[in-house]
Amino acid sequence: DGRLRPDYKLAGTKHGRYKTSAPSVHQLPSGPEIYNLYMADSGWVILHADYKQADMRMMAHFSGDERLARWLLGDPHTAVVKDITGMTDRQIAALDPADLKRRRMAAKMINFGIPYGRSSNNLAPQLGITVKAAERYIKEYWRQLPDLKAWIDSRAAVVREHQELVSPFGNKRRFPLIT
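Residues numbered from 1 in each chain as written. Predicted model: local features only at pLDDT ≥ 70, side-chain atom pairs only at ≥ 80, totals over all residues. Heavy atoms only, no water.

Here we come to the overall build of the protein. Secondary structure assignment for the protein yields nine helices and four strands. Order of helices (α) and strands (β) in the protein, N terminus to C terminus: β-β-α-α-α-α-α-α-α-α-α-β-β. Expressed as lengths along the three principal axes of its C-alpha atoms, the size of the protein is roughly 55 × 50 × 30 Å. Buried residues in the protein amount to 27% of all 179 residues. Nonlocal contacts in the protein, meaning residues at least 24 apart in sequence, comprise 37% of its contacts between residues at least 6 apart. As displayed, the protein has an accessible area near 12800 Å², and 56% of this comes from carbon and sulfur atoms. Taking the average location of the 28 positive side-chain charges in the protein and that of its 19 negative ones, the two points are 3 Å from each other. (Helix = DSSP H or I, 4+ residues; strand = E, 2+ residues; numbered from the N terminus. Buried < 20%, exposed > 50% of the residue type's maximum accessible area, 1.4 Å probe, protein only. Contact = heavy atoms within 4.5 Å. Areas by Shrake-Rupley, 256 points an atom, 1.4 Å probe, with all protein chains shown as cover. Lys, Arg positive; Asp, Glu negative; His and termini not counted. Charge placed at Lys NZ, Arg CZ, Asp CG, Glu CD.)

Let's shift gears to unusual backbone geometry. Each neighbour pair has its own omega, and for Ala 22 with Pro 23 the value is 0°, a cis peptide bond. Following the sequence through the fold, Pro 23 ends up in the loop between strand 2 (19-21) and helix 1 (32-35). Non-glycine residue Ala 22 carries a positive phi angle of around 55°. With respect to the helices, strands and loops of the structure, Ala 22 is situated in the loop between strand 2 and helix 1.

Another point: the packing of aromatic side chains. Using the criterion set out here, one finds three aromatic pairs in the structure. Residues Phe 62 and Trp 151 carry aromatic rings whose centres are separated by 6.2 Å and whose planes lie at 10° to one another, so their mutual orientation is stacked. On the criterion of sequence distance, the pair formed by Phe 62 in helix 2 (residues 54-63) and Trp 151 in helix 9 (residues 146-162) is long-range, its members being 89 residues apart. A relative accessible area of 25% places Trp 151 in the partly exposed class. Centroid distance Trp 71 to Tyr 141: 6.1 Å. Interplanar angle 55°. Geometry classified as tilted. Here Trp 71, found in helix 3 (residues 66-73), pairs with Tyr 141, found in helix 8 (residues 131-144); they are 70 residues apart in sequence, far enough to count as distant. (Phe/Tyr/Trp six-rings, centres within 6.5 Å; stacked < 30°, edge-to-face > 60°.)

Considering all chains together, one arrives at nine salt bridges under this definition. The residue Asp 99 makes a salt bridge to Arg 103 at a minimum N-O spacing of 3.2 Å. Here Asp 99 and its partner Arg 103 are both found in helix 6 (residues 97-111), four residues apart, which amounts to about one turn of the helix. A network of salt bridges, in which partner residues are shared, links Asp 99, Arg 102 and Arg 103. (Salt bridge = Lys/Arg side-chain N within 4 Å of Asp/Glu carboxyl O.)

What follows is about the side chain of Glu 140. Positionally, Glu 140 belongs in helix 8. According to the relative accessible area criterion, Glu 140 is buried, its value standing at 17%. One polar contact links Glu 140 to Gln 144, side chain to side chain, over a distance of 2.6 Å. Once you skip the residues sitting within four places of it in the chain, Glu 140 turns out to touch Asp 83 and Ile 84. (Polar contact = N/O pair within 3.5 Å; in protein donor to acceptor, adjacent residues only side chain to side chain.)

Here we come to the environment of Leu 4. The topology assignment puts Leu 4 in the segment before strand 1 (7-9). The exposure class of Leu 4 is exposed, given its relative accessible area of 60%. C-alpha separation for the pair Leu 4 and Leu 37, spaced 33 residues apart in sequence, amounts to 10 Å.

Let's shift gears to the packing of helix 6 against helix 7 (residues 120-127). At a minimum axis separation of 10 Å, helix 6 and helix 7 run at an interaxial angle of 165°. Comparing the axis directions of helix 6 and helix 7 gives the class roughly antiparallel. Here the hand of the crossing between helix 6 and helix 7 comes out right-handed. Residues Ala 106, Met 109 and Ile 110 of helix 6 form the contact with helix 7, whose participating residues are Leu 123, Gln 126 and Leu 127. Its residues assigned to classes, the contact of helix 6 with helix 7 comprises five nonpolar, one polar and no charged. (Axes fitted to C-alpha atoms, helices over the stretch in contact; angles between N-to-C directions. Parallel < 35°, antiparallel > 145°, perpendicular 65-115°, else oblique. Left-handed = near helix turned anticlockwise from the far one by under 90°. Nonpolar A, V, L, I, M, F, W, Y, C, P; charged D, E, K, R; others polar.)

Printed below as a string of structure tokens:
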């Protein structure tokens, strides 16, 4: 009928979010020129919802990390640019818009990578920095968010001990190969 229907896959994802393919609807470019390609049947609507930084918000809630919660009151990626690099509000405001955009993209890689175990070897090439510099970013990230680090470490300890983790909603993920 000329319609695209992505394949949804839960198995194989690391964090429980559905993976889609053919097409990957989570990675579509944004903008009306793309969104207008999708049409609902008569009498139906397509709802587009974006839970801004949903993963980070859940981590802030469950870990009780106050700094992460403060970052989320504004733009958490700009907050990372500021707090991880030691820049002041004045220095951030003085950045060229293209430079700020580049730094925010790097901060997104940090915010959405480090809590999930992204390594310095993986982070360095994407940020265009040395592995040592990436190690310093990771160390500073965890120094800024000690309650988040403690919560994540506690979850890992539960998995190592029980080979499974139960979500707040009662879903179980089993990790039988972890010793």
